[in-house]
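The primary structure of each chain is shown beneath.
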Amino acid sequence: MMKTKRRQSLRQVLRFAAASAITLFFLFPIYWLFMISFKTADEIYSYPPVWWPASLQFNNYAVLFKDGDAITVWNSLIIASASTVLAMLLGTICAYSLARYKTGGDHLSNWIISQRMAPPIAVVFPIFLLYVYLGWVDTYIGIILLYTAFNLPYVIWMMRGYIQDIPRSLEESALIDGCTRWQVIWKVVFPMCRAGLFATAIFTFVFAWNEFLFALVLTRTEVTTYTVQVTHYFGGQSNFWTKIAAMSVLGTLPVFIAVVFMQRYLVRGISLGAVKG
Amino acid sequence: MADLKITGLHKYYGDNHVVKGIDLEIPAGEFTVLVGQSGCGKSTLLRTIAGLEGSDQGTIEIAGQTVNDVQPKDRDIAMVFQNYALYPYMTVYDNIAFGLRVRKTPASEVDSKVKRAAEMLAIDHLLKRFPRQLSGGQLQRVAIGRAVVRNARLYLFDEPLSNLDAQLRDEMRGEIKRLHQELGKTMIYVTHDQIEAMTLADRIVLMRDGKIEQQGAPLQLFERPATRYVAGFLGSPAMNFIPATLVHEQGRHAVKLATGLTLALPQPRFEAAGSYVDKQVILGIRPEHLSRRGIAREGLANADALVELVQPTGSRTFAEFKLGGATIVAELEAHDVQRAGERLELSIDMNRAILIDPTTEKVI
């Protein structure tokens, strides 16, 4: 009896130790990024490494705001949020149509997801030429629409799965109870796949947030995103590590906050998708 | 005036002809049960009435208004689904109130109606719970409550008790019947269970292969089935069918079984069968009309048979025999037969027997 109890607690300790080690391993780069963003240039290059800076250099951040570089995080936020909202809205409606009306037969949805597999580099220059013609280079609308188009297949594919999992009778019951189709989507479909909606939205947002190639080619000065801005600090003569780190931290925070707040939905949404296959 | 009138209704799923020309009139306040085996088109018919499926031909009228092109929400119907169709993210109260709120009913009225419906169904203590916290029977009561609260013109039930266990099903069956008596609304109920059909219905509509095989009061269908299918579908255990030849002996009709056994038919009930003399017929006899030989009386035919299988149910015992080359089941008193292998003298109540034309399968 005692023996099994002791063995159980030992197993618990080992498990905890392993989990801690893995967590530390994965958190280390983030910790290091945060530390660099508060160091002086000398501390960054010093050997042995400085684990904790002598004084926190908030100036690294202040400079970004003073020079107006921080606005690029704001740009990223606008672009990622707007394209996520648009993609979720349009994608969910498309997905509903595919799931419930068999729009386009059996293969349209496969074709749609195949669009997501196109390598961005293959399409970025034709799009650039098109955007030059339309006057959309370096505009919010241009980059937002492009991200929306790029995310739509993913949203449609994911949401179609979640919607197919909703028992049809729930919708039929609502129709009989007095709802229109749009009300059914709003009052039944959205609440029923809330976890899936949030999970998909987060992935869509993260894609738009981290996107680099399109932003590099299609922005100049007006709507530069933070990912492109970071590359400006890599110079031919020297790299501005403090700025790179501070800008990277600014860029990490919104996603970090979003995931923390939506973790519950995220886990449930992903596992729902996993069951569906 | 009929509350529901269906004329020449057809429905296809691709090449599959599911509903094949249904004509049906249901008077206001009647409890109609659509019954039949799975795939006979009964659920499709119900869903077409609800407007969840379109029809390919024919008309559906509710209270004199053709509703073929009317949206489900505007048909003034309420429906109870087999899997309850409750919203898992809403409390019982909100589930019941849903239809009223969608229709913009004032909040105070919603509240009083929900509470009244909940009391009626004895679920008033569950109003704050979520569906996941309820048992199967409670879920079904909530689903019914959601329909009842609407005060619709027409109530549709799509196999609402199939997901419940036997005991609960019996209980809810009574509940639904009581509800119909209280509300006096027109109700259409789909089931494959003939006992549900017999016990609930004012009228049974028995469907087969997309058509109405026969419709009428439960006892009418049970006692005077029009076809072999109807005779075999209603009743448990099912009616026995024995191939035979109709003969005319000693001035009266009789059936001669394959083994040579002759069973006299009572007069004048089978007078009309005259044209079948010396032709093949099928003798139909219900298990409960076979008994252990007792007092001889008019219309009883006797036969000696070997018991092959005994199935006691407590109150009655089902025994299988070979008779006239067919295996038949008799529903006997509990202690009439003890075990297989016994020989028993059976009385067959020929007053209750039917004769079936083997080619048309119609009752003669």
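Residues numbered from 1 in each chain as written. Chains lettered and ligands numbered in written order. Predicted model: local features only at pLDDT ≥ 70, side-chain atom pairs only at ≥ 80, totals over all residues.

(A) Here's a closer look at the overall build of chain B. Broken down by element type, chain B carries 8 helices and 20 strands. Judged by the C-alpha coordinates and their principal axes, chain B covers about 80 × 45 × 35 Å. For chain B, buried positions account for 40% of its 364 residues. Long-range contacts, defined as pairs at least 24 residues apart, comprise 65% of the intrachain contacts of chain B with a sequence gap of at least 6. (Helix = DSSP H or I, 4+ residues; strand = E, 2+ residues; numbered from the N terminus. Buried ≥ 20, exposed ≤ 12 C-beta atoms within 10 Å, placed from the backbone. Contact = placed C-beta atoms within 7 Å.)

(B) Structural view of the sheet that holds strand β9 (residues 203-208) of chain B. Residues and elements named next belong to chain B. The strand order across the open sheet formed by 6 strands is β6-β7-β8-β3-β9-β10, and the pairing between neighbours is mixed. Every other strand in the sheet has two partners, leaving β6 (77-80) and β10 (211-216) as the edge strands with one partner each. Sheet twist, expressed as the mean angle between neighbouring strand axes with direction ignored, is 20 degrees. (Pairing = 2+ DSSP bridges. Axes fitted to C-alpha atoms, helices over the stretch in contact; angles between N-to-C directions.)

(C) The pairing of strand β4 (residues 57-62) of chain B, seen in detail. Residue and element names in this part refer to chain B. Examined bridge by bridge, β4 and strand β5 (residues 65-66) share 2 bridges and lie antiparallel to one another. Residue pairing for β5: Ile62 is matched across the bridge by Gln65. Between the end of β4 and the start of β5, which pair antiparallel, lie 2 residues, with Ala63 showing a positive phi angle near 50 degrees.

(D) Just the pairing of strand β8 (residues 186-191) of chain B, in detail. Residues and elements named next belong to chain B. Counting buried residues in β8 gives 6 out of 6 residues, a clear majority hidden from the surface. Along β8, one buried face is formed by Thr186, Ile188 and Val190 and the opposite face, lined by Met187, Tyr189 and Thr191, is buried too. With 5 bridges connecting them, strand β3 (residues 31-35) and β8 associate as parallel partners. Each bridged residue has a counterpart across the sheet, and for Val33 the counterpart in β8 is Tyr189. Where strand β7 (residues 154-158) meets β8, 5 bridges bridge the pair, whose relative direction is parallel. Paired with Asp158 across the strands is Val190, a residue of β8.

(E) Quick look at helix α4 (residues 136-148) of chain B. All names here are of chain B. Here α4 spans 18 Å end to end across 13 residues, near enough to the 18 Å set by a 1.5 Å rise per residue. Where burial is concerned, most of α4 is hidden: 10 out of the 13 residues are buried. Taken residue by residue, α4 has Leu139, Gln140, Arg141, Val142, Ala143, Ile144, Gly145, Arg146, Ala147 and Val148 as its buried positions. Contacts from the buried residues of α4 go to β6, α2 (92-102), α3 (107-120), β7 and α5 (166-183). (Expected span 1.5 Å × (residues − 1).)

(F) The interface of chain A and chain B, seen in detail. Taken together, the 14 residues of chain A in the interface contact 16 residues of chain B. For the side of chain A that touches chain B, the secondary structure elements donating two or more residues are α8 (168-177) and α9 (181-192) of chain A. The greatest single-element share of the side of chain A that touches chain B, amounting to 7 residues, is contributed by α8(A). Partitioning the side of chain A that touches chain B into residue classes produces 7 nonpolar, 5 polar and 2 charged. (Nonpolar A, V, L, I, M, F, W, Y, C, P; charged D, E, K, R; others polar.)

(G) Spatial organisation of α2(B). All names here are of chain B. Within α2, 8 of the 11 residues are buried, which leaves the element mostly enclosed by the surrounding structure. When we look at burial in α2, the residues that qualify are Val92, Tyr93, Asn95, Ile96, Ala97, Phe98, Gly99 and Leu100. Positive backbone phi, approximately 60 degrees, marks Lys104, located one or two places after α2.

(H) Quick look at the environment of B:His289. Residues and elements named next belong to chain B. In this fold, His289 is placed in the loop between β14 (280-285) and β15 (290-292). Given 19 C-beta atoms within a 10 Å radius, His289 is considered partly exposed. The sequence separation of His289 and Gly51 amounts to 238 residues, and the corresponding C-alpha distance is 44 Å. Sequence-distant contacts of His289, defined by excluding residues within four places in its chain, comprise Ile348, Asp349 and Arg352.

(I) Representation of the sheet that holds strand β16 (residues 300-312) of chain B. All names here are of chain B. In spatial order, the strands read β15-β19-β16-β17-β18; together these 5 strands make up an open sheet with antiparallel pairing. This sheet does not close on itself; its edge strands, each paired only once, are β15 and β18 (326-333). Averaged over all pairs of adjacent strands, the angle between their axes in this sheet comes to 50 degrees, without regard to strand direction. Pairing of strand β17 (residues 316-323) with β18 involves 8 bridges; the strand directions are antiparallel. Residue pairing in the sheet places Arg316 in a bridge with Glu333 of β18.

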